[in-house]
Each structure stands twice: as structure tokens, then as C-alpha cells.
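Close look at the chain arrangement
Chain by chain, the residues run as shown.
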Amino acid sequence: MTARWMWWMRLRREHSALLLGLALLAGPAAALPSYEQVRQAHRSSDIQVLDRHGVLLQSVRRDFRQRRGQWVDLEHISPALQRAVLVSEDRRFESHGGVDWWSVGSAAWEGLVSGRARGASTITMQLAGLLDQDLAAGRGGRSLWQKLDQVVAAQSLEDSWSKPQILEAYLNRVAFRGELVGVDALSRTLFQKQPAALDVRESAIAAVLLRGPNASALTVERRACLTLQDMGRGQECRGLGNLVTVALRRAAQPPFGQADQAPHFARWVIEQGKDLQAGDSLRTTLDARLQALVTASVRRHLLDLRTARVRDAAVVVLDNRSGQVLAYLGSSGDLSQADQVDHARSLRQAGSTLKPFLYELAIERRMLTAASLLQDSALNLPTGNGLYIPQNYDKQFVGWTSARTALGSSLNIPAVRVLTLLGPQALVQRLRDLGVDLRQEGDYYGYSLALGSADVTLLQLTNAYRVLANQGLAQEVRTRLDAPPAQLRPVMDPAAAWIVGDMLSDRQARVTTFGLDSALSTPFWSAAKTGTSKDMRDNWAMGWSQDHTVGVWVGNSAGESMQDVSGVSGAAPIWHEVMAALNRGRPSRPPVMPEGVAVRDIRYEPAVEAQRREYFVEGTQSDVIELADAGQAYAGPLRIAEPVDGTILALDPDIPPQNQQMRLLAQGQGSDALPLVWWVDGREVARGSQARLPLRPGNVRIELKDGQGKLRDQVRVQVRGALPGRLNKD
């Protein structure tokens with residue numbers, strides 16, 4: 001009696017629900033959005049970072065609740081998937097009006113007979129639930145009233161949407177597995193292909209995931225095989241388990257076809273855009289073609305440097321006038337041991353790349369001119385930690401040299417002498433004004449700041465070089481096309497900035513160290529400077545042409561020393577190749593000389609350098625540069641004038657190996673008349689009053705003897721560091 005009563009009450013309840021649903025269908029339609037509104041409101045879980053021409057550079061995940069791809073038109077969705085979904089979810093989709101009453105009745109009868117509930121929702125009803133949160137099922141399923149509202153909503157959709165629109169929206173909005181929502185995310189993640197390319201087996205797997213998104217691999221395999229049989233493709237069940245296992249394991253993999261041209265730049269730009277949301281498209285200043293060229297150049301040159309223990313590189317290309325970032329490579333990708341690190345914004349030791357700013361400041365303050373003579377000889381500077389004894393790039397002294405030659409050939413000792421005139425704090429403040437974020441004060445760096453002991457970022461350093469290109473005007477870089485350009489700030493004297501640019505573009509000034517033929521030389525006008533940090537941990541190539549400033553860093557993310565690599569051999573070839581590409585088919589002319597520059601034909605007395613045309617800040621010009629004590633000779637006993645006893649030489653890797661030499665110089669009574677013999681560590685190495693000694697790390701005893709073997713003088717020198725090809729063990 002109790003069983004019959006329960007059967008009767010269940011029949012009345014189901015029958016009443018059906019009658020009430022029919023009554024509601026006759027009522028007003030539910031307010032659901034149109035197809036166009038749903039499509040326009042669709043938002044990917046990523047932010048699309050585009051180049052200046054609208055080319056996709058990078059997709060950056062912003063919404064981590066769901067993974068949604070782009071909206072896919074029905075014509076671009078595999079027909080096999082469409083058929084599999086209809087077979088699995090809604091066989092009479094084309095013929096019903098939103099509610100499949102045959103399935104409703106069948107489900108109701110099965111529930112009465114077996115006591116087990118079975119869903120009868122059509123694709124249209126499911127879509128209604130996806131579009132209206134009030135129709136979403138809770139943990140216990142949908143309530144009776146929700147089901148009735150869902151029926152009404154489905155009828156409304158069928159009245160205003162076409163069948164293809166309903167199926168298209170459903171496939172773009174439905175959840176398949178885990179966080180994967182929509183056919184684009186599903187196909188590109190689980191099957192690593194576009195939605196149009198899904199085959200019948202993959203389509204069957206995708207279709208059954210709609211009914212059981214979290215089902216086990218065995219359950220998915222069984223259901224997919226049943227779907228294939230219903231599609232008349234039962235033979236495709238063979239080996240289906242392996243495909244299911246592989247597909248489900250890919251759920252956390254990056255989607256197929258995801259653009260990956262500028263990952264570090266994309267993250268940096270999004271960090272700046274507080275207004276950005278998932279689904280937004282961001283038009284940036286980058287040029288995709290140039291970015292690809294830079295990436296290829298870095299990869300090619302780093303592969304050539306594999307034996308030199310070089311794995312990482314970064315490149316920044318700026319437009320001189322607008323400050324737009326045209327290319328930004330933060331890492332060498334799979335060649336790097338830390339490819340997620342943005343080396344373009346990481347702090348690295350600057351090396352000689354700070355020297356141009358030192359010379360510019362001294363010229364601006366009229367303490368120096370490009371023609372001024374600086375003494376390149378042994379220098380001992382007292383500091384709080386003892387003596388600071390800088391050495392040149394090539395480990396030899398050239399005597400008196402002009403500031404132009406000293407900067408062009410990257411001589412260290414003259415640069416330190418210039419910093420003693422200015423003081424380290426003055427250079428620190430100037431670098432900060434240029435946008436280089438130095439964390440310490442001048443006393444912390446001391447005189448070694450002239451040789452680049454400070455840590456800087458490639459991005460900041462490149463923009464500082466752009467100030468030289470713009471004759472003293474500083475400006476923040478620009479990364480978004482919709483952002484207004486930053487305000488220009490005068491930082492340098494235009495005349496001094498122009499003169500330094502002329503010095504860095506002078507091939508003749510580079511001859512002493514680099515020769516005429518190096519990667520810094522271009523067939524068009526350009527100004528360039530290299531740098532290598534202590535123990536060959538970082539090397540740089542910085543410079544500009546008429547329209548662009550390019551900065552390149554090469555090294556290792558963990559700071560390991562490179563082998564036989566300097567700024568000229570490591571970073572400069574990449575700089576040269578990028579600069580050549582930028583100026584292909586477009587001339588790069590020297591900048592117009594600004595007001596405040598005086599031009600003179602100069603000569604030196606005595607002729608320590610050849611006559612030439614030189615440029616001065618107005619008021620500092622001179623036609624003759626005299627060296628008053630140049631003719632004064634030492635008349636004392638015969639001695640070793642160079643090197644000085646106790647000299648400590650620190651090998652600088654930023655010079656070709658053949659130039660790693662030390663000058664031997666004898667002075668005094670008989671230096672021109674007596675036969676003189678140089679002995680090093682007990683063996684004869686040279687004869688005469690002057691000689692060159694190749695440098696090797698270690699302690700060296702140098703003796704000067706006359707022709708009879710009598711010892712006239714001796715000194716001891718310590719050579720620290722490592723030659724290219726040999727790691728430093730100090």
C-alpha cells in the first residue's frame with residue numbers, strides 16, 4: 001500500500017510539473033541576451049599583447065579561475081565534434097523547439113520505474129543555464145522552479161536565435177574539463193591543435209567530457225567508445241585508451257599556438273597597466289618583425305659562443321625621438337638556465353659603459369675638452385680600503401693621450417683621473433638624473449665607478465644612451481601606443497652631449513685598443529661603446545644611430561664567468577647586426593651640430609697626436625695644446641721607469657689577447673748609449689731601453705741589466721685576473 005501511494009504521488013508530481021511547464025511556456029519570454037551580445041561579451045582568460053601593427057606577440061593569463069580561449073565561429077569548429085556533441089547530448093537538436101518532450105517523457109518514465117533520475121536537458125536548455133546564473137544548478141541539482149524557468153528560457157532562445165547560433169554559443173561557453181571552458185581552450189590544450197582540426201576520436205572524447213568533466217580516464221574511454229559506435233565509427237575504439245590518457249594529462253599544459261615572442265616585455269607592460277582585464281587586447285610599441293630578427297640574432301650568436309660558456313643575452317631597441325620600445329628581448333629562451341628572468345631589467349655590473357657620461361659631465365663643466373691631454377701612466381689612489389690601482393684595458397700605458405682617444409679606446413686610467421676631478425658623487429647624481437637607479441652613494445663606489453663598478457639595468461642604460469643621442473634631453477620610455485609620450489627633461493648640455501657622441505663615432509679614436517675593423521664599425525654613422533665587467537661576468541655593447549638606440553647585454557644569469565669573451569666579441573656582433581637591420585635602406589646621418597660648439601683645427605706641441613679638427617664647448621677652445629713638461633728628461637741613475645715597483649695589474653678581459661702587454665721603459669744616465677737587457681723571472685726577454693712584455697697572471701720579477709750583466713734596477717709586479725681562455729683563480 002505504501003509503495004503504491006508513493007508511486008501515485010510521484011506520478012502526480014511529475015505530471016503537475018509538466019502541466020505547469022506548459023502553462024509557463026505560454027507566458028512572457030525570459031529576458032535573455034541576444035546572440036550578438038553574448039558573442040561580444042565573451043572574454044578570453046588571457047590578455048592579448050599586440051605589436052604596433054596588431055600582430056599577436058604574447059598571450060598572458062589574467063583569469064586563473066577558468067581557462068577560456070577566443071570565440072570560435074561554428075564554421076571553424078570540426079564537423080566531427082559538432083556531430084559527436086549532438087549524438088552525446090541532444091540527438092533531436094535540429095527538430096525540437098528547445099525542449100525534447102520525448103526525452104522528458106522517457107526520463108520521467110524511467111525515473112518512475114527504476115527510481116533513478118536521468119537528465120533530459122537539451123543543448124538549448126543547457127545554454128540557457130550558462131547564460132542565466134539564476135538557472136545554474138546547485139550542489140543538489142536544479143530545483144523544480146529552476147527547471148521550469150529553464151524550459152521557458154530555452155523556448156525564448158529558440159524563438160530569437162538560429163540553431164547554428166545556439167550550437168556555436170554552447171560550444172564556446174560550456175565547461176569541458178577542470179578549468180577548460182569552451183572549445184578553443186579544450187582543443188588547444190588537451191589535443192594541442194585548433195578546433196577545426198579535431199578528428200572523430202578526439203571529438204568523441206571531447207563530447208563525453210561534457211557529461212562527466214571530472215570522470216576517470218577509464219570512464220571517458222568507455223563513454224567515448226559508445227559515442228563512436230553511435231556515430232557508426234566503432235572501429236575507432238581500438239587504442240582509444242592511450243589517446244584518452246595522453247589528452248587528460250595535458251590539462252595543465254600551455255595551449256597550442258600560443259604566441260611567445262615577447263614574454264618578458266608582455267609581463268612588464270601588463271604590470272604597468274592597472275586598468276587591464278582578462279580578455280583585453282593591448283596595442284604596444286613593439287615591432288613583431290624586428291622582435292623576431294633580434295631573437296634570431298641572439299640565438300645564432302649565442303650558439304656560436306657555446307664553447308665560451310655564454311648562455312644568456314638581452315636586447316633593447318628604442319626609437320630616439322619618441323622613446324618607444326621597438327624590440328625587447330629579456331632572455332635567450334631555451335638556451336638560458338633562467339629563461340623566466342628578465343635580464344633587460346636585472347641589475348648587472350656596467351663595466352666601461354659609464355665612461356661616456358663621465359666624460360660628458362667633465363666637458364659640460366669645462367674641466368675637460370675632447371682635445372685635453374690625460375696622462376696614461378701608473379696611478380695609485382689612496383682610499384679608505386687602501387690603494388686603488390687601476391689598469392688599462394690592454395694592460396699597458398700609452399703616456400699622454402687626448403680625452404678623445406682615451407674614451408674611444410676605453411682607457412681606464414685616464415677615466416679614473418677624470419673622476420678625481422669631478423668626484424664620484426657628481427657622477428652618481430648625473431646617472432640618477434638620466435634615469436639610472438643607483439642604490440648607493442658616491443663614497444660607496446669610490447673611484448672604481450669610472451670603470452663601471454655600479455650595477456645597472458640594460459633598459460635604464462639604453463635609455464640613458466638615448467639621452468646622448470637626443471643631445472641631453474631625457475624622457476621615460478614608452479611601451480603602449482595609446483599612452484601619451486612622457487615629458488622631455490633637459491639633463492645634459494647639448495654641446496657637451498654632441499661632442500661625446502662625436503668622440504664615440506670616431507673610428508680613429510678606437511684604433512689604440514680595437515683597431516679600425518671591429519663590430520663597432522658600421523657603414524653608416526653610429527656611435528658605440530662596449531664594456532666588460534670584472535671576471536668577464538657581463539659584457540655590453542651600447543650605441544645609437546640617427547633614429548635608434550640599441551643596447552645589448554651578454555652573460556650568464558647566475559653570474560658565471562665567460563671564457564674568451566669581451567664586449568667586442570660577445571655583445572657587439574649582436575649590436576652590429578641589429579643596428580644594420582634597422583638602417584637597411586635608410587641612411588643614418590651625423591646629428592646636426594648644436595649651438596655652443598666651437599670648431600678648431602688643432603695641433604699638439606710636442607706632437608703626441610696628429611693634427612686634426614676638434615670640437616669644443618664654446619669658451620674652452622684652443623688651437624694649440626701644449627705639454628709643458630714633455631721635453632723634460634730624467635737625468636738620474638739608470639732605472640726602470642715603467643712599471644713601478646709594487647704595481648698590481650688587474651687583467652681586463654675587454655681587450656684582444658695580443659694587446660695584453662706591459663710596457664718596459666728604462667730611463668736615466670746611459671739609457672740611450674748602454675746596451676740594456678731585460679730579464680723576467682730569471683730569463684732574458686728583450687734588449688733596449690724600451691720593450692713590451694706579454695702579461696700572464698702571477699708574481700713577476702723584472703730586472704734591468706747592462707751589457708756586462710750588471711744589475712742596474714729591479715721591480716716586482718703582481719698580475720691579477722685571467723687571460724681570455726683561462727679562468728681567474730684569485
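Summarised in this report is the structure supplied together with it. (Residues numbered from 1 in each chain as written. Predicted model: local features only at pLDDT ≥ 70, side-chain atom pairs only at ≥ 80, totals over all residues. Heavy atoms only, no water.)

**Details of the overall build of the protein chain**
Per the secondary structure count, the protein chain includes 22 helices and 30 strands. Every one of the 730 residues in the protein chain was classed for burial, and the buried ones make up 54%. Roughly 32,900 Å² of accessible area belongs to the protein chain as shown, and the carbon and sulfur atoms make up 49% of that amount. (Helix = DSSP H or I, 4+ residues; strand = E, 2+ residues; numbered from the N terminus. Buried < 20%, exposed > 50% of the residue type's maximum accessible area, 1.4 Å probe, protein only. Areas by Shrake-Rupley, 256 points an atom, 1.4 Å probe, with all protein chains shown as cover.)

**Describing the nonpolar core**
If you look at the biggest cluster of nonpolar residues, it comprises 81 residues, and the most contacted ones within it are Tyr328, Phe357 and Tyr359. Dropping the residues within four chain positions of it, Tyr359 is found in contact with Leu368, Leu374, Ala403, Ala406, Leu407, Pro414, Ala415, Val418 and Val500. (Core = buried A, V, L, I, M, F, W, Y, C linked by side-chain atoms within 4.5 Å. Contact = heavy atoms within 4.5 Å.)

**Looking at the sheet that holds strand β2 (residues 56–61)**
Pairing between the strands of a sheet is mediated by backbone hydrogen bonds and can be parallel or antiparallel. Spatial ordering of the open sheet is given by β2-β1-β6, a layout of three strands whose pairing is mixed. This sheet does not close on itself; its edge strands, each paired only once, are β2 and β6 (281–283). Ignoring which end each strand starts from, the neighbouring axes of this sheet average 20° apart. Running at roughly 60° to β2, helix α12 (residues 263–272) makes contact with β1 (46–50), β2 and β6 of the sheet. (Pairing = 2+ DSSP bridges. Axes fitted to C-alpha atoms, helices over the stretch in contact; angles between N-to-C directions.)

**Notes on the sheet that holds strand β5 (residues 180–181)**
Read from one edge of the open sheet, three strands run β3-β5-β4, paired in mixed fashion. Here the strands that pair on one side only, and so sit at the sheet edges, are β3 (67–68) and β4 (175–177). Of the pairings in the sheet, the one linking β3 to β5 comprises two bridges and is parallel in character. Bridge pairing in β5 places Arg67 opposite Leu180.

**Some remarks on the packing of helix α14 (residues 355–364) against helix α16 (residues 412–422)**
Where α14 contacts α16, the two axes come as close as 10 Å, and the packing angle between them is 45°. By the angle between their directions, the pair α14 and α16 is classed as oblique. Considering the relative orientation of α14 and α16, their crossing is left-handed. Residues Lys355, Leu358, Tyr359, Leu361 and Ala362 of α14 lie in contact with α16, whose contacting residues are Asn412, Pro414, Ala415, Val418, Leu419 and Leu422. Counted by class, the contact of α14 with α16 contains nine nonpolar, one polar and one charged residues. (Parallel < 35°, antiparallel > 145°, perpendicular 65-115°, else oblique. Left-handed = near helix turned anticlockwise from the far one by under 90°. Nonpolar A, V, L, I, M, F, W, Y, C, P; charged D, E, K, R; others polar.)

**As for the pattern of salt bridges**
Under the definition given, this model contains 41 salt bridges. Two residues, Asp342 and Arg345, come together in a salt bridge whose shortest N-O distance is 3.2 Å. A single network of salt bridges, built from pairs that share partners, joins Arg404, Asp502, Asp506, Glu609, Arg612 and Glu614. (Salt bridge = Lys/Arg side-chain N within 4 Å of Asp/Glu carboxyl O.)

**Details of helix α9 (residues 200–211)**
Over its 12 residues, α9 runs 18 Å from end to end, which matches the ideal 16 Å to within 8%, given 1.5 Å per residue. Of all 12 residues making up α9, 11 are buried, and the element is well covered by its neighbours. Within the span of α9, buried status applies to Val200, Arg201, Glu202, Ser203, Ala204, Ile205, Ala206, Ala207, Val208, Leu209 and Leu210. Of the surrounding elements, those touching the buried residues of α9 are α3 (79–89), α7 (163–173), β4, α8 (183–190), α10 (217–230) and α11 (240–249). For α9, the side-chain oxygen to backbone nitrogen distance between the N-cap and Arg201 is 3.2 Å, and the N-cap itself is Asp199. (Expected span 1.5 Å × (residues − 1). Polar contact = N/O pair within 3.5 Å; in protein donor to acceptor, adjacent residues only side chain to side chain.)

**Some thoughts on the environment of Leu582**
Residue placement: Leu582 occurs in helix α22 (residues 572–582). Overall, Leu582 belongs to the buried group, its relative accessible area being 9%. Leave out the neighbours within four places in its chain, and Leu582 touches Leu290, Val317, His548 and Val550.

**As for the pairing of strand β20 (residues 597–605)**
Note on strand geometry: in a regular strand, side chains alternate between the two faces of the sheet. Relative to strand β21 (residues 612–617), β20 runs antiparallel, the two sharing six bridges. When the bridges of β21 are listed, Val599 appears paired with Tyr615. Counting the residues between successive antiparallel strands, the hairpin from β20 to β21 contains six residues. Here three bridges tie β20 to strand β22 (residues 624–626), and the two strands are oriented parallel to one another. The partner of Tyr604 across the bridge, within β22, is Ile625.

**Regarding the environment of Ala519**
Mapping Ala519 onto the fold places it in the loop between α21 (507–514) and β17 (527–532). Judged by its relative accessible area of 16%, Ala519 is buried. Placed 22 residues apart in sequence, Ala519 and Ala541 show a C-alpha to C-alpha distance of 9.6 Å. Not counting the four nearest positions on each side in its chain, Ala519 is found in contact with Val568, Ala572, Pro573, Trp575 and His576.

**Side note on the side chain of Ser352**
Relative to the helices and strands, Ser352 is located in the loop between β9 (348–349) and α14. Given the relative accessible area of 4%, Ser352 is considered buried. Excluding anything up to four places from it in sequence, Ser352 contacts Ser410, Asn412, Leu451, Lys529, Thr530, Gly531 and Thr532.

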